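Remarks on the overall topology
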Amino acid sequence: MLTGWVRGAVVGVARSLKSTIIRCSCARPHRFHYSMLTIPEKPPMSTLDDWKTHFQGFTEKYFIVNGYMMAGSIAALPNMITYWDVKSVDEITPEKLKFIENISDLEVLIIGTGKRTKMLPIETVQWLRNKRIGFEMVPSGTACATFNFMCEENREIAALILPMSYNSE
């Protein structure tokens, strides 16, 4: 069970989004109300046998995954989701991708780059190619939808997604 101050903080953030229109993987805008937020008894970063990652929507700063609101960049696998300490595409370095090497049978890595597609640094592209990791650079909304689609097909994928607000022009 979440402690009182954590529960209050989560609900407080959700209330600040009270009238926010979010984009959803079904491509129709939906109004998000804080009462739709699930206050988890288990943290979303744990791997659960019956857990299947599904993006339900996003805003400029948040993702809604399986009823959990997550702010910032995230790393997603079909049965796990966690925060990822990257704030821009330029920060995606081989060091920040080392954990990808430990994923066996990875078919493709989807990288959501914010509002628009932005290219990875050259040394990161070379590192991914040397490791024979297939990757796709797409806007974050497309990354969420592609991840959902490929998860439904039970494919071995990973997604690294930056929020829309992190893409500065």
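See the structure shown above.
Below: a short report on this structure. (Residues numbered from 1 in each chain as written. Predicted model: local features only at pLDDT ≥ 70, side-chain atom pairs only at ≥ 80, totals over all residues. Heavy atoms only, no water.)

**With respect to the overall build of the protein**
Counting its regular elements, the protein contains three helices and 10 strands. Order of helices (α) and strands (β) in the protein, N terminus to C terminus: α-β-β-β-β-β-β-β-β-α-β-α-β. The buried share among the 169 residues of the protein stands at 42%. Within the protein, contacts between residues at least 6 apart in sequence are counted, and of these 65% link residues at least 24 apart. Of the roughly 9500 Å² of accessible surface on the protein, 52% is carried by carbon and sulfur atoms. (Helix = DSSP H or I, 4+ residues; strand = E, 2+ residues; numbered from the N terminus. Buried < 20%, exposed > 50% of the residue type's maximum accessible area, 1.4 Å probe, protein only. Contact = heavy atoms within 4.5 Å. Areas by Shrake-Rupley, 256 points an atom, 1.4 Å probe, with all protein chains shown as cover.)

**Details of the pairing of strand β9 (residues 135-138)**
Direction of pairing for strand β8 (residues 108-113) relative to β9: parallel, over a ladder of four bridges. Within the sheet, the bridge partner assigned to glycine 112 lies in β9 and is valine 138. With respect to chirality, the unit in which β8 leads through helix α2 (residues 122-130) into the neighbouring parallel β9 is right-handed. (Pairing = 2+ DSSP bridges. Right-handed = clockwise from strand over helix to strand, strands pointing away.)

**Some points on the packing of aromatic side chains**
A complete count under the given rule lists two aromatic pairs for this structure. Seen from their ring centres, phenylalanine 55 and phenylalanine 63 are 6.1 Å apart, and the 75° between their planes marks the pair as edge-to-face. Centroid distance phenylalanine 55 to phenylalanine 147: 5.5 Å. Interplanar angle 90°. Geometry classified as edge-to-face. Placement of the pair is phenylalanine 55 in strand β3 (residues 55-58) and phenylalanine 147 in helix α3 (residues 140-152), with a sequence separation of 92 residues. Taking relative accessible area as the criterion, phenylalanine 147 reaches 0% and is therefore assigned buried. Within the aromatic cluster, the residues linked to one another by ring pairs are Phe55, Phe63 and Phe147. (Phe/Tyr/Trp six-rings, centres within 6.5 Å; stacked < 30°, edge-to-face > 60°.)

**With respect to α2**
Among the residues of α2, those classed as buried are Thr124, Val125, Trp127 and Leu128. End-on view of α2: buried residues confined to an arc of 160°, all on one side of the axis. Set apart from the buried face of α2 by more than 90 degrees, the exposed residues are Ile122, Arg129 and Asn130. Buried-residue contacts for α2 involve β8 and β9. Arginine 132, located one to two residues past α2, shows a positive phi value of around 55°. (Arc of directions from axis to C-beta.)

**Considerations on the sheet that holds strand β5 (residues 68-71)**
A sheet is described by the order of its strands in space; here three strands give the open sequence β3-β4-β5, paired in antiparallel fashion. Bordering the open sheet on either side are β3 and β5, each of which pairs with just one other strand. Ignoring strand direction, the axes of neighbouring strands in this sheet form an average angle of 25°. Alignment of strand β4 (residues 62-65) against β5, held across four bridges, turns out to be antiparallel. Within the sheet, the bridge partner assigned to valine 65 lies in β5 and is tyrosine 68. Contacts from α3 reach β3 and β4 within the one sheet, and its direction differs from that of β3 by about 170°. (Axes fitted to C-alpha atoms, helices over the stretch in contact; angles between N-to-C directions.)

**Brief notes about α3**
An α-helical turn contains 3.6 residues, so a residue and the one three or four places further along point in the same direction. With 13 residues, α3 extends 19 Å from end C-alpha to end C-alpha; this agrees with the ideal 18 Å at 1.5 Å per step. If you check which residues of α3 are buried, you get Ser140, Gly141, Ala143, Cys144, Phe147, Asn148, Met150 and Cys151. In this fold, the buried residues of α3 make contact with β3, β4, β6 (74-77), β8, β9 and β10 (157-162). Downstream of α3 by one or two residues, asparagine 154 has phi in the positive range, about 55°. (Expected span 1.5 Å × (residues − 1).)

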